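Residue-level structure breakdown
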Amino acid sequence: MMIRQAAKKALGLTSRQSTPFSVGIFRSYHENVIDHYDNPRNVGSFDKNDPTVGTGLVGAPACGDVMKLQIKVDEKTGQIVDARFKTFGCGSAIASSSVATEWVKGKAMEEVLTIKNTEIAKHLSLPPVKLHCSMLAEDAIKAAVKDYKEKRVKTNGA
């Protein structure tokens, strides 16, 4: 958020005006990326020690993007009832995280494992150079589900 505010200040924009993405500096970004960057959904985190929470932490050494995606699961139904993310990275990584959290909510864990990076990339119209961002989101979903399942085995033996 601070980077965005500093960029607005440097460009002489008020807080109600668009970010630099919207004023044409990064014209190659699709409006869906801009929307999820300007208005990210589900930012934040849950207590990683909560037995109903699965945490996926993934990174891309090539570009420095790091993504933490967490899911909160209803233990009775196995459905993901909420999701949160924190991402350190470019606009495409933030947008991919935001989309991923929206897409997993309300779905069964097995169903979210079918979400592919290509679907996220297509939804955001990511250019080839940014495909690794959608790959991180897919990996983060899988890692969060795996973490939840491992916790469940440790706690319940189930």
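Figured I'd write up the structure that's included with this text. Note that the structure is predicted; figures quoted are calculated from it, not measured.

1. Quick notes on the packing of aromatic side chains
- Using the criterion set out here, one finds zero aromatic pairs in the structure.
- Its end group placed over the ring of Phe46, Lys72 keeps NZ or CZ at 5.4 Å from the ring centre.

2. Re the sheet that holds strand β3 (residues 80–88)
- Strand order in the open sheet formed by three strands is β1-β2-β3, and the pairing between neighbours is antiparallel. With partners counted over all chains shown, the strands left at the sheet margins are β1 (53–60) and β3, one partner each. This sheet shows a mean twist of 15° between the axes of neighbouring strands, independent of strand direction.
- Alignment of strand β2 (residues 65–73) against β3, held across eight bridges, turns out to be antiparallel. Note on β3: the bridge partner recorded for Gln70 is Arg84.
- Across the sheet, helix α3 (residues 91–104) is in contact with β2 and β3; its angle to β3 comes to roughly 175°.

3. Some points on the pattern of salt bridges
- As enumerated under the stated definition, the model contains eight salt bridges in all.
- Between Arg41 and Glu102 there is a salt bridge, with its nearest N and O atoms 3.5 Å apart. Pair noted here: Arg41 is in the loop between α2 (31–38) and β1 and Glu102 is in helix α3, with a separation of 61 residues, a long-range link.
- With a relative accessible area of 23%, Arg41 lands in the partly exposed category.
- Using a relative accessible area of 34% as the deciding quantity, one classes Glu102 as partly exposed.
- As a salt-bridge pair, Lys146 and Glu150 come within 3.9 Å of each other at their nearest N and O atoms. Of this pair, Lys146 and Glu150 both sit in helix α6 (residues 131–156), four residues apart, which is roughly one turn of that helix.
- Take Lys146: its relative accessible area is 52%, and that puts it in the exposed class.
- Each member of the salt-bridge network shares a partner with another, and the members are Asp35, Arg41 and Glu102.

What counts, and at which threshold
- Residues numbered from 1 in each chain as written.
- Predicted model: local features only at pLDDT ≥ 70, side-chain atom pairs only at ≥ 80, totals over all residues.
- Heavy atoms only, no water.
- Phe/Tyr/Trp six-rings, centres within 6.5 Å; stacked < 30°, edge-to-face > 60°.
- Lys NZ or Arg CZ within 6 Å of the ring centre and 35° of its normal.
- Pairing = 2+ DSSP bridges.
- Helix = DSSP H or I, 4+ residues; strand = E, 2+ residues; numbered from the N terminus.
- Axes fitted to C-alpha atoms, helices over the stretch in contact; angles between N-to-C directions.
- Contact = heavy atoms within 4.5 Å.
- Salt bridge = Lys/Arg side-chain N within 4 Å of Asp/Glu carboxyl O.
- Buried < 20%, exposed > 50% of the residue type's maximum accessible area, 1.4 Å probe, protein only.

The values reported here are purely geometric and, on their own, carry no functional implication.
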